[in-house]
Amino acid sequence: MILTQKETMLLQDLKTQEQVCIEKYNQYAERANDPKLSQLLRTISSAEQQHLSTLEQMEKGTVPAMGGGQKQPFQPPASAPASAISPQGKQQDAYLCQDLLATEKHVSSVYNTGIFEFKDAGMRDALNHIQKEEQEHGKKLYDYMSQNGMY
């Protein structure tokens, strides 16, 4: 499939957004004080890497087949015992989560624009699938924050 110039530019922008997400999640996983938060961020980083790979396929004109596998209900990870994380450490973790949640909100809106700009239904479906996963990432962050008194 041949993409329009606008579609190509949108994919390039989305790829940049995913690269930023991957870098942020990896860096923040290293900085997190709660090992469960670090684990959550690494898991989301891996999903962001999959998004980047999908966008690279799309940029080559390939309409990816998006699996509709069964989703496991999200169980918020239990945090480390309160005594194990200092108040400053918890405050830092809260900042990391707030920044990542804001990032997910932005990325989801960029995908929303892309969905309306692609002529091919398969491409739109792929972008919609990724957008839903971005929203799930935001939900996981929110759930973690809520469980740990950060929201």
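Residues numbered from 1 in each chain as written. Predicted model: local features only at pLDDT ≥ 70, side-chain atom pairs only at ≥ 80, totals over all residues. Heavy atoms only, no water.

Undergrad: Please give an account of the pattern of salt bridges that cites residues and values.
TA: In this structure the tally under the stated criterion is 5 salt bridges. The shortest N-O distance in the salt bridge between Lys-24 and Asp-99 comes to 2.9 Å. Placement of Lys-24 in helix 1 (residues 5-31) and of Asp-99 in helix 3 (residues 87-117) is noted, with a sequence separation of 75 residues between them. Here Lys-24 and Asp-99 have matching classes, each one buried. Close ionic contact of Arg-42 with Glu-30 constitutes a salt bridge, the shortest N to O distance being 2.7 Å. Taken together, the residues span a long stretch of sequence, with Arg-42 in helix 2 (residues 35-59) and Glu-30 in helix 1 at a distance of 12 residues. Under the relative-accessibility criterion, Glu-30 is labelled exposed at 58%. (Salt bridge = Lys/Arg side-chain N within 4 Å of Asp/Glu carboxyl O. Helix = DSSP H or I, 4+ residues; strand = E, 2+ residues; numbered from the N terminus. Buried < 20%, exposed > 50% of the residue type's maximum accessible area, 1.4 Å probe, protein only.)

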